[in-house]
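Listed below are the residues making up each chain.
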Amino acid sequence: MSSVRDLTSAFASACRPQVAAARRRTGACSLLLGAAAVAMFGCPWLPSVFPNWIRYFPVYLIVPVGICAVVSGVGALRDMRGQEVADRRRARAGILLGLVAITVPVAVGVWACWVLSNSYG
């Protein structure tokens, strides 16, 4: 009878979701996303050996990846709140790069609209 109980408890513990150890967020994901978003600015200037979809498709992803970098960095900073020894530089750098990746295309779009409206006005 005890072997049935042991088997039942072993099965129940195997089926129960295991609680993973708490992982510390360091802001590395934010930094990686921000750097990727800023690096996408250079894709149109790749050599013509690359097909056009490789050269121009990443331009459409700059703002969404920048937004992801900012959101990830803010989440990492929130998780680090209250920790004295936490290194916040990666999260802050990711937020900064993400903001650059958001601001530059928006500013270029506003400038282009302004120039086009004044040239035909």
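Structure shown above.
Reference entry: report on the structure contained in this document.

## Focus on the nonpolar core
For step 1, the next point in the chain: Counting five residues, the largest nonpolar core consists of Ala-37, Met-40, Ile-62, Val-65 and Ala-101.
For step 2, the next point in the chain: Once residues lying within four places of it in the same chain are set aside, the contact partners of Met-40 are Pro-58, Leu-61, Ile-62 and Val-65.

## Focus on the pattern of salt bridges
For step 1, the next point in the chain: For the structure on display, the rule yields one salt bridge.
For step 2, the next point in the chain: The salt bridge partner of Asp-87 is Arg-89, with a shortest N-O separation of 3.1 Å.
For step 3, the next point in the chain: By relative accessible area, which is 61% here, Arg-89 ends up exposed.

## Considering the packing of helix H2 (residues 28–39) against helix H5 (residues 89–119)
For step 1, the next point in the chain: At a closest axis distance of 7 Å, the pairing of H2 and H5 adopts a crossing angle of 30°. With respect to each other, H2 and H5 are oriented roughly parallel. The element H2 and its partner H5 pack so that their crossing is left-handed. For the pair H2 and H5, the contacting residues are Ala-28, Ser-30, Leu-31, Gly-34, Ala-35, Ala-37 and Val-38 in the first and Arg-90, Ala-91, Ala-93, Gly-94, Ile-95, Leu-97, Gly-98, Val-100 and Ala-101 in the second.
For step 2, the next point in the chain: Considering only residue class, the contact of H2 with H5 consists of eleven nonpolar, four polar and one charged.

About the thresholds
- Think of each chain on its own: its residues are numbered from 1, step by step along the sequence as written.
- Under the rules for a predicted model, residues below a pLDDT of 70 receive no local features and side-chain atom pairs below 80 are neither given nor counted, while totals for whole chains, interfaces and linings still include all residues.
- The side-chain numbers reported here are obtained from all heavy atoms of the structure, hydrogens and water having been left aside.
- The term nonpolar core refers to a set of buried residues drawn from Ala, Val, Leu, Ile, Met, Phe, Trp, Tyr and Cys, joined through side-chain atoms within 4.5 Å.
- The buried label applies to any residue whose accessible area, calculated with a 1.4 Å probe on protein chains only, is under 20% of its type's maximum; exposed applies above 50%, and partly exposed to all values in between.
- Only heavy atoms matter for contacts: two residues are in contact if any of them lie within 4.5 Å across the pair.
- The rule for a salt bridge is simple: a side-chain nitrogen of Lys or Arg has to be within 4 Å of a carboxyl oxygen of Asp or Glu.
- Only C-alpha atoms enter the line fits that serve as axes; for helices the fit covers just the stretch in contact. Angles between N-to-C directions range over 0 to 180 degrees.
- Strands here mean DSSP runs of E at least two residues long; helices mean DSSP runs of H or I at least four residues long; both are numbered from the N terminus.
- Put simply, angles under 35 degrees are roughly parallel, angles over 145 are roughly antiparallel, angles from 65 to 115 are roughly perpendicular, and the rest are oblique.
- A crossing counts as left-handed when the near helix is turned anticlockwise from the far one by less than a right angle, and as right-handed when that turn is clockwise.
- The nonpolar class holds Ala, Val, Leu, Ile, Met, Phe, Trp, Tyr, Cys and Pro. Asp, Glu, Lys and Arg form the charged class, and all remaining residues, Gly among them, are polar.

In short, the description is geometric, and any link to function would need to be established separately.
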